[in-house]
Amino acid sequence: MRTAGQQPRGRVPVTVRTAQWCAMHPWKAISGWVLLLALCIGAGAAAGTNKGSFADFWIGEAGRAEAMASDSGLTPPPVEQVLIERTPRTMGDEPAAAAGEIRRRMDGLPAVASVGDPVAARDGAALRIAVTLHGDRETAKKDVDALLAQTAAVQRAHPGLRIEQTGSASVSVAVNDKQGRDLQRTEMISLPVTFLILFVVFGAVLAAGIPVLLAVFAFAGSVGLYGLASWVFPDAGGAALSVIFMMGMAVGVDYSLFYLKRAREEREPSGGTISYTRAVELAAATSGRAVVDSGLAVALSLAALYLVGDVIFSSIATGAILVTLVAVGGSLTVLPALLAKLGHRMDGGRLSRRRRADGEGRLWARLLRPVVRRPLVALIAGLVATVALAAPALSMKLGTEGKETFPDSVPAVAAYDRLVTAFPSEGPAHLVLVRGEDPAAPLRVLAEATRGDALFAQDRAPAVRTAGDGRTALLTLPVPYSANSPEAGRSLEKVRGQLLPAAVEGVPGLEWAVSGEIAAGADYAAHQRERLPWVVAFVALATLAIMYAAFRSVVMAALGMLLNLAAVLVAWGVLTLVFQGTWAEGPLGFESLGFVGSRTPLLVLAILVGLSTDYQIFVVSRIREAVERGVPTRQAVVDGIAGSASVVTSAAVIMVSVFASFLFIDRVEMKQIAVGLTVAVLFDAIVLRAIILPSALTLLGERAWWPRHPAATVAVRRARVAPPKPAEV
């Protein structure tokens, strides 16, 4: 039975009902959340992580060639190269003695299938020894440490030489280990910085620590869930864990920040006399709903990455979506419980109270007045700034990470560079597969056609291998250039477009394809360009749907979509300016590759649109609240943006600090993601939300809410629930 004046339960939003229960039963809510996270972590540890197979990475013609090689048993075995170089301290024939010791040591290892004879460079300054391993590239990563230990032992025995080991397995293991260490350093930087920012915002240790703690818990729980999810969407390794941490810190802290700030604001009109339990209920009706809408927006934007049809994007999308949803769950459950239990201890000190009493939005209100007074001028200025920063994206070049793009601070990478310099044929190569009758014949013709051609390495004759059934053959064509160089691209075009078709011409029933590092990179970049329009369309439609569901306004939904795409274009333009040139190499600590990583634009798009919609929802929610109170849209714009400016600015600063900390990861791809997101978030908070949004809404006026004006909707809703008037006598 419902008592008089009590609102029907069906009309109470689920966020409010959840907050009420958690606030009334704080220990149950907190214990349940901790238990749930423990179950997630334990289940993930028990299930393990399903690593993607190499077949999951096959794309385009290069993927078809890899499949042909795998089916016929022609997949090249994993090979590690030991490079022995002379130094000024080298004595006599010491390199030959060291080479003999390397051969003896490697021969005794169970993982080694064969050890090649020492091969001297043309100038005689270096020797290389090829060590072929059993198994495939995945097992080689597990076995390579034993080889590295033997190489290090020989180096210690011959200090007058420089002896190093390199190869796909050693490079991969070393790069991943370094990225893991860099990520730990990033965590050590971002966590205390985020805490300090929140302490400045709230003026209380508990209020600053709880959002950080919840974000860390969200990261830990989502990693456990990610392990379970990897059995559906295989883990691609690499940057997936870094992105999960980045997103966990960004959205986890932001959602808690929005909720905490709103709960405080609800208590301020009463002078702090209402309980935190009541303040939590009021905050749940506004910020709680906004958190749900924002979380759905972020998850939907990230879901667009599944359209790419690539295991790397699928694994990143899965981890980022999970950490976002876990962060939303924590903000709606355990945070209200903590506020109800510890709320009075989260009040800031005298300085914080004075700052709030003086009105944190007054400065922003003064800054916004010129914008709403001359909205057309402000809108044009904002659009000019947007176009200026976005225009360089038209000249963006895409490339793929490879050995030459990894940091030289990794010894295996530096050794690879020296190996290729001394032995050009040990660099990237085209793997040409032909299937049919007498498949080796056209490959010999192709090999002959490349003799003397500067686009192909000439220090070693190309080798043809034929499968046991005699129906498939493989030709390895080394290229003396880096995989992303223009020369390497021209050599691929020449093989695919001229030499190979000419070699197989007139022979019926042949099937052929070209793979290798160069071909795989080119096909991968082409695949991203092909899928990009679909991802953009999905993200745009998702933004429209979320914004319309949140505000029931077609105009507001369209405006939100355009602002989000503007932020993305600015990020792409800045990426082109920074990473295709050399001017920023020193400050950011990278060596320009002349291109943007092929994965970066799509990742920035999906992550940024979700976060931009996050800002849009929180800002417009405040404007809408003012309109619902009967404030004209022009004044509501000032009140809403000024009222939310403090929390949105704080959230932007936190996001920037998290993203910027990833600049310390010594990998170009991570630096690109960090720069793109950092610049875009700043531009979003300063230009898009403080200039373009208010000026556009001011020009639109009441039309911004078409087709349903919020004030009219509230009036109708109130009329429906108003008690009937007593009958006149």
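As a reminder, the structure under discussion sits directly above these lines.
Residues numbered from 1 in each chain as written. Predicted model: local features only at pLDDT ≥ 70, side-chain atom pairs only at ≥ 80, totals over all residues. Heavy atoms only, no water.

> How would you summarise the overall build of the protein chain if you had to cite specific residues and measurements?
From N to C terminus, the protein chain includes 24 helices and eleven strands. Projected onto the principal axes, the alpha-carbon positions of the protein chain cover approximately 110 × 55 × 50 Å. Sorting the 729 residues of the protein chain into buried and exposed places 54% on the buried side. Once local pairs closer than 6 in sequence are excluded, the contacts in the protein chain between residues at least 24 apart make up 80%. Accessible area for the protein chain stands at about 30900 Å²; split by element, carbon and sulfur atoms hold 62% of it. (Helix = DSSP H or I, 4+ residues; strand = E, 2+ residues; numbered from the N terminus. Buried < 20%, exposed > 50% of the residue type's maximum accessible area, 1.4 Å probe, protein only. Contact = heavy atoms within 4.5 Å. Areas by Shrake-Rupley, 256 points an atom, 1.4 Å probe, with all protein chains shown as cover.)

> Before we move on, could you go through the pattern of salt bridges and cite the residues and values that matter?
For the coordinates displayed, the defined rule picks out 22 salt bridges. For the salt bridge of Asp684 with Arg689, the shortest nitrogen-to-oxygen distance reads 2.7 Å. Judged by its relative accessible area of 1%, Asp684 falls in the buried class. One network of salt bridges, with partners in common, ties together Glu85, Arg162, Glu164 and Arg418. (Salt bridge = Lys/Arg side-chain N within 4 Å of Asp/Glu carboxyl O.)

> Which residues make up a nonpolar patch on the surface, and what values do they have?
There is a patch of nonpolar side chains on the surface, built from Leu376, Ile380, Val384 and Leu699 and spanning about 360 Å² of accessible area. Mapped onto the elements of the fold, Ile380 is located in helix α14 (residues 375-390). The class for Ile380 is partly exposed, based on a relative accessible area of 47%. (Patch = residues over 30% accessible without salt bridge, like charges linked within 9 Å, V, L, I, M, F, W, Y side chains within 5 Å.)

> Provide a residue-level description of the packing of aromatic side chains, including the pertinent values.
This model, assessed by the stated rule, comprises five aromatic pairs. Aromatic pair Phe219 and Phe245: ring centres 5.3 Å apart, planes at 85°, arrangement edge-to-face. With Phe219 in helix α7 (residues 205-229) and Phe245 in helix α8 (residues 240-267), this pair connects stretches of sequence that are 26 residues apart. For Phe245, a relative accessible area of 4% gives the class buried. (Phe/Tyr/Trp six-rings, centres within 6.5 Å; stacked < 30°, edge-to-face > 60°.)

> Account for the environment of Thr90, with residues named and values stated.
Along the chain, the position of Thr90 falls in the loop between β1 (79-86) and α4 (94-107). Owing to a relative accessible area of 13%, Thr90 belongs among the buried residues under this scheme. Distance from Thr90 to Gly160, taken between C-alpha atoms, is 4.7 Å for residues 70 residues apart in sequence. Filtering out sequence-adjacent residues up to four positions away, Thr90 remains in contact with Pro95, Gly160 and Leu161. At 2.7 Å, the side chain of Thr90 forms a polar contact with the backbone nitrogen of Thr87. From its side chain, Thr90 meets the backbone oxygen of Gly160 in a polar contact 2.8 Å long. (Polar contact = N/O pair within 3.5 Å; in protein donor to acceptor, adjacent residues only side chain to side chain.)

> Just give me the short version of unusual backbone geometry, but keep the residues and values in it.
With an omega of 10°, the peptide bond running from Trp706 to Pro707 counts as cis. Tracing the sequence through the fold places Pro707 in the loop between α23 (668-700) and α24 (710-721). Of note, Asp438 is a non-glycine position whose phi angle comes to about 45°, a positive value. Here Asp438 is to be found in the loop between β7 (429-435) and α16 (440-449). The class for Asp438 is partly exposed, based on a relative accessible area of 47%. Here the phi dihedral of Arg552 falls at roughly 55°; this positive angle occurs in a residue that is not glycine. Within the fold, Arg552 resides in the loop between α18 (517-551) and α19 (554-579). Its relative accessible area of 35% is what places Arg552 among the partly exposed residues.

> Which residues make up the packing of helix α21 (residues 600-628) against helix α22 (residues 633-661), and what values go with them?
Relative to each other, α21 and α22 sit at 155°, their axes nearing to 7 Å. Judged by the inter-axis angle, α21 sits roughly antiparallel to α22. Between α21 and α22 the crossing geometry is right-handed. Between α21, through Leu611, Asp614, Tyr615, Phe618, Val619, Arg622, Ile623, Ala626 and Val627, and α22, the contact on the second element is made entirely by Thr633, Ala636, Val637, Gly640, Ile641, Gly643, Ser644, Val648, Ala651, Ala652, Met655 and Phe659. Class assignment for the residues of the contact of α21 with α22 results in 15 nonpolar, four polar and two charged. (Axes fitted to C-alpha atoms, helices over the stretch in contact; angles between N-to-C directions. Parallel < 35°, antiparallel > 145°, perpendicular 65-115°, else oblique. Left-handed = near helix turned anticlockwise from the far one by under 90°. Nonpolar A, V, L, I, M, F, W, Y, C, P; charged D, E, K, R; others polar.)

> Can you break down the sheet that holds β7 residue by residue, with the values?
Pairing is antiparallel across the open sheet formed by four strands, whose spatial order is β8-β9-β7-β10. Taken across any chain shown, the strands that pair with only one partner, and hence form the sheet edges, are β8 (463-466) and β10 (511-516). The mean inter-strand angle of the sheet, taken between neighbouring strand axes irrespective of direction, is 20°. When β7 meets β10, the two strands line up antiparallel, connected through six bridges. Bridged to Leu433 within β10 is Ala513. Its contacts with the sheet put helix α3 (residues 60-72) on β7, β9 (472-478) and β10, and the angle it makes with β10 is roughly 105°. (Pairing = 2+ DSSP bridges.)

> Let's hear about the environment of Thr633: which residues, and what values?
Relative to the assigned elements, Thr633 resides in helix α22. Given the relative accessible area of 1%, Thr633 is considered buried. In this structure the C-alpha to C-alpha distance between Thr633 and Ala284, which are 349 residues apart in sequence, comes to 24 Å. In this structure Thr633 touches Val627, Leu697, Gly701, Glu702 and Trp705, once residues within four positions along its chain are discounted.

> Can you explain the environment of Val687? Please cite residues and give values.
With respect to the helices, strands and loops of the structure, Val687 is situated in helix α23. Taking the C-alpha atoms as reference, Val687 lies 9.1 Å from Leu383; in sequence the two are 304 residues apart. If we skip the residues at most four places from it in the chain, Val687 touches Gly382 and Ile692.

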